[in-house]
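Spelled out, the chains give:
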Amino acid sequence: MKKRLMPIVTFITALLLIAVGCSQSPQAKEAPHQTKNGSSSKKGNLPNIKILATGGTIAGADKSKTSTTEYKAGAVGVDSLIQAVPEMEDIAHVSGEQIVNIDSQNMDNKTLLKLAKRVNELLRSDDTDGIVITHGTDTLEETAYFLNLTVKSEKPVVVAGSMRPSTAIGADGPSNLYNAVKVAAAPEAKGKGALVVLNDRIGSARYVTKTNTTATDTFKSEEMGYIGTIADDVYFNNIITRKHTKDTDFNIAKLKKLPQVDIIYGYQNDGGYLFDAAAKAGAKGIVFAGAGNGSMSDTAKKGAVKAVKNGLAIVRSTRTGNGAVTPNREFEKDRLLASNSLNPQKARILLMLALTKTDDPERLQTYFNEY
Ligand code: DGL
């Protein structure tokens, strides 16, 4: 009887040993693991990624699991965001810091400066290899573009958000955060300026924009394309030709305040009085979201020309969502500048920074041509 049982016991023991071996993660066995574009790193040698949380839907919560539009944004702290994705520890040493916890429509110049200064401070240290910023999606592209122009480091800076709150069925926050950390940990992400990661895509802060009010694939880069994708590994497909990070003129280290720049929308029957109102309220620059190729009605143009004569910088952008606004002689002679392919909200970010360097229209236009 005993003799007959022996082979069975040996077989079961062997099966158990195989099963234990299989259940260990590759990292636990100290095998190299793939992180990006084929490069690999050892568990003990993982990069240090700092997550700076600012609020938004990714930190949103509601009592109902089915609610995706009615919830409180910025309800959950950075520690909870990190705890929700323990898998990040396999790809990086992750730590968090709460900068603010707000809806991103309340992101203001003061907080932007605070955030960018903190990013620069952290990246100066050898202890930080990359940064992930969690952010509400409504104004995410503005913060990302501001960082793209003001971070003085080649280390990866990745801005991530989500469209569904953390409590929703199918919440996209955890996977977006995981992917953002993966990108920030990728050596290939260095020197590419600020990146935006949502929905398995990597966008350049210069080109990506929010295109849909509620869908998870809202961030698009229609004209220029994404610069990369995440499909377990990180793949970069495009290069950024515009000046960013270390190559910009902007140093915010000592900057206490940004000049006021407002946006005026162009429409049928609009009037020049909005330019007067902005100037009166302290604007140093105005971005005009014109129809088509930054066109202006005669009345709006009158208001804009008056503003230029009073020392304001006026930049024509477009409400169309795509394409470049070209200088055109008709506007050049009145020193009405062209935003190139920057949408109005990003043109505002660049104009604020450019006005800290110069108010000369020609030099201002150079920034729009190069950045
Ligand atoms: N109020 C929005 C914001 O914080 C929530 C939208 C979102 O984060 O997706 O930008």
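Up top is the structure these notes are about.
Our subject in this report is the structure included herewith. All residue numbers here refer to positions counted from 1 along the written sequence of the relevant chain. Confidence filtering applies because this is a predicted model: local features only for residues at pLDDT of at least 70, side-chain atom pairs given and counted only at 80 or more, and all residues used for totals across whole chains, interfaces and linings. Processing note: side-chain calculations cover all non-hydrogen atoms of the structure and skip hydrogens and water entirely.

1. Some words on the pattern of salt bridges
Rules: A pairing counts as a salt bridge when a side-chain nitrogen of Lys or Arg comes within 4 Å of a carboxyl oxygen of Asp or Glu. By definition, any uninterrupted DSSP run of H or I lasting at least four residues is a helix, any uninterrupted run of E lasting at least two residues is a strand, and each is numbered from the N terminus.
A complete count under the given rule lists nine salt bridges for this structure. A salt bridge links K210 to D138, with the shortest nitrogen-to-oxygen separation between them at 2.6 Å. Here K210, found in strand β9 (residues 209-210), pairs with D138, found in the loop between β5 (130-134) and α4 (140-150); they are 72 residues apart in sequence, far enough to count as distant. Residue E330 pairs with K301 through a salt bridge whose shortest N-O separation is 3.7 Å. Residue E330 is found in helix α8 (residues 329-332), and its partner K301 is found in helix α7 (residues 298-309); the two are separated by 29 residues along the sequence. Overlapping salt bridges, with partners in common, bring together K301, E330, K333 and D334 in one network.

2. Some words on the pairing of strand β11 (residues 228-231)
What counts here: Exposure categories follow from relative accessible area, calculated using a 1.4 Å probe and restricted to protein chains: below 20% of the type maximum is buried, above 50% is exposed, and the middle band is partly exposed. For two strands to pair, DSSP has to find at least two bridges joining them.
Here β11 shows a buried face lined by G228 and I230 and an unburied face lined by T229 and A231. Inspection of the sheet shows strand β8 (residues 201-204) paired to β11 by two bridges, in the antiparallel sense. Residue pairing for β11: R201 is matched across the bridge by T229. Examined bridge by bridge, β11 and strand β12 (residues 233-236) share four bridges and lie antiparallel to one another. From the neighbouring strand, I230 faces β12, where its bridge partner is V234. In textbook terms, the turn of a hairpin is the stretch between consecutive antiparallel strands, and for β11 and β12 this stretch comprises one residue, one of which, D232, has a positive phi near 65°.

3. With respect to the sheet that holds strand β14 (residues 285-290)
Counted only if it meets this: Any pair of residues with heavy atoms lying within 4.5 Å of one another is described as a contacting pair. Convention adopted: a line fitted to C-alpha atoms gives each axis, helices being fitted over their contacting stretch, and angles between N-to-C directions are expressed from 0 to 180 degrees.
Taken in spatial order, the four strands line up as β13-β14-β15-β16 in an open sheet, and their pairing is parallel. The open sheet has two free edges, formed respectively by β13 (261-265) and β16 (337-338), since each of these has just one partner strand. Across six bridges, β14 lies against strand β15 (residues 313-318) in parallel orientation. Paired with G285 across the bridge in β15 is A313. Seen against the sheet, helix α9 (residues 344-354) touches β13, β14 and β15 and runs at an angle of roughly 160° to β14.

4. Here we look at the environment of P165
By secondary structure assignment, the location of P165 is in the loop between β6 (157-160) and α5 (173-184). What makes P165 buried here is its relative accessible area of 0%. Distance in space between the C-alpha atoms of P165 and T69 is 8.4 Å, their sequence separation being 96 residues.

5. Quick word on a nonpolar patch on the surface
To keep it simple, the criterion reads: Every patch collects residues that have over 30% relative accessible area and no salt bridge, joining them within 9 Å if they carry like charges and within 5 Å if they are nonpolar side chains (Val, Leu, Ile, Met, Phe, Trp, Tyr). All accessible areas in this document rest on Shrake-Rupley with a 1.4 Å probe, and a residue is counted as covered only by the protein chains that are shown.
On the surface, Y265, Y267 and Y273 cluster together into a nonpolar patch covering about 360 Å² of accessible area. Note on placement: Y265 falls in strand β13. In this structure Y265 comes out as partly exposed when scored by relative accessible area, which is 48%.

6. Quick notes on the nonpolar core
Basically, it comes down to this: Residues grouped as a nonpolar core are buried Ala, Val, Leu, Ile, Met, Phe, Trp, Tyr and Cys residues, joined through side-chain atoms within 4.5 Å.
Counting 50 residues, the largest nonpolar core has V119, I133, F146, L147, L350 and L351 as the members making the most contacts within it. Membership of the second largest hydrophobic core comes to 33 residues, among which are V85, M88, I202 and I227.

7. Thoughts on the packing of helix α3 (residues 109-124) against α4
For clarity, the cut-off: Working definition: roughly parallel below 35 degrees, roughly antiparallel above 145 degrees, roughly perpendicular at 65 to 115 degrees, and oblique for all remaining angles. For any pair of crossing helices, the crossing counts as left-handed if the nearer helix is rotated counterclockwise from the farther one by less than a right angle, and right-handed if it is rotated clockwise.
Interaxial distance between α3 and α4 falls to 10 Å at its minimum, and their mutual angle equals 45°. With respect to their mutual orientation, α3 and α4 come out oblique. You can see that α3 and α4 cross each other, and the crossing is right-handed. The residues of α4 that touch α3, namely those facing L112, L113, L115, A116, V119 and N120, are T143, F146, L147 and T150.

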